[in-house]
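Given next are the chains, with one letter for each unit.
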Amino acid sequence: EIGLHVMETWYFSPFPAEYTKYRKLFFCEFCLSFFGLKSELQRHSKKCTWTHPPGNEIYRSKDQNIEVAMFEVDGGKEIQYTQNICYIAKLFLDHKTLWEDTTPFLFYVLTEVTSRGCCVVGYFSKEKSTELVSHGNNVACILTLPCHQRKGFGKFLISLSYELSKLEGKTGSPEEPISDLGQQAYNSYWKGVILDILADPSHKEITIHQISQMTSMTYKHIEQTLKALDIIQYDSAEGYMISVPNSLIKSHMDKKKRIAADKARKYVRPCDPKKVRWFPHHAKLLHKKARVAAQNN
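Treat the numbers as computed from the prediction; the structure is a model and nothing was measured. (Residues numbered from 1 in each chain as written. Predicted model: local features only at pLDDT ≥ 70, side-chain atom pairs only at ≥ 80, totals over all residues. Heavy atoms only, no water.)

## Describing unusual backbone geometry
Here comes step 1: Backbone torsion omega between Glu176 and Pro177 reads 5°, so that peptide bond is classified as cis.
Here comes step 2: Among the secondary structure elements, Pro177 is positioned in the loop between β9 (173-174) and α4 (180-199).
Here comes step 3: Phi at Arg150 takes a positive value of approximately 70°, unusual for a residue other than glycine.
Here comes step 4: Inspection of the secondary structure puts Arg150 in the loop between β8 (141-144) and α3 (153-168).
Here comes step 5: Under the relative-accessibility criterion, Arg150 is labelled exposed at 75%. (Helix = DSSP H or I, 4+ residues; strand = E, 2+ residues; numbered from the N terminus. Buried < 20%, exposed > 50% of the residue type's maximum accessible area, 1.4 Å probe, protein only.)

## Considerations on the sheet that holds strand β6 (residues 118-127)
Here comes step 1: Spatially, β3-β4-β5-β6-β8 is the arrangement adopted by the five strands of the open sheet, whose pairing is antiparallel. Of all the strands in the sheet, the pair left with one neighbour each is β3 (56-63) and β8. Strand-to-strand twist across the sheet, computed as the mean angle between neighbouring axes with direction ignored, equals 20°.
Here comes step 2: Alignment of β3 against strand β4 (residues 66-74), held across seven bridges, turns out to be antiparallel. Residue Glu57 lies in a different strand from β4, and its bridge partner there is Phe71.
Here comes step 3: Taken strand by strand, α3 contacts β3, β4, β5 (105-113), β6 and β8, and its axis lies near 45° from that of β6. (Pairing = 2+ DSSP bridges. Axes fitted to C-alpha atoms, helices over the stretch in contact; angles between N-to-C directions. Contact = heavy atoms within 4.5 Å.)

## Some details on the confidence of the model for the protein
Here comes step 1: Of all residues in the protein, 91% attain a pLDDT of 70 or more, and the chain-wide mean is 90.
Here comes step 2: For the protein, per-element mean pLDDT is lowest for helix α8 (residues 281-296), which scores 57, and highest for strand β1 (residues 26-27), which scores 98. (pLDDT = per-residue confidence, 0-100.)

If you want it as structure tokens, here you go:
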């Protein structure tokens, strides 16, 4: 149980031995401390002063009947919090290894802004070391809590991971293997992004290289998506060409209009790049070292 939501778990998660006797665990919706008894959580809640994840807020926006905020949490500084979020993730992800040492990772925690505070709805993590290479994984683990699925949070998390890759000036992709639900979310996101680009009249002639530059998607995933959409063709004289039927573009745009027209639905769209307030982790460390060196001199 987390906040107002009770969820059936899907997989085993290696919680400390003293908690194995409980059939249900109770989590603080802000600091993610967990307890075997509801009364313990209630006592904790009276003392807990947290109202949001313990990190820097890097994004906030109001969308369709919802306001969201994103926080960057350093796994090396907030060890207990990030270990707890990993315990939760393992309950719903079968293929991921639970890392007891969260130091090498940054956690990007998505929250819904409520009158109580910023409540966790999902997150993704990435290795700090990936910032030092020109390409690689921009997501190590990604999860939307089951009680918050089908509200656009998954695509939002994916879209933000690619926006961070754009700011780093490199291509990125999720670490494999990826869960079936995760693969579905990524396939849907990749198709939507590519169709948005191809629907723009100014992009009548465009290459895979240009799409990669615009999106930070890898060539591999762009090619896979074009083939899945059945819009890449081979000509013996011209080579591979992208040919998009108008019916496909119309179907894509009609779907977006239907979502926007449902005013009662709680839904968050992919992130707005203009609202991202973020600086690469290693660039911050280099800047800090340079500032300290300047002060010493």
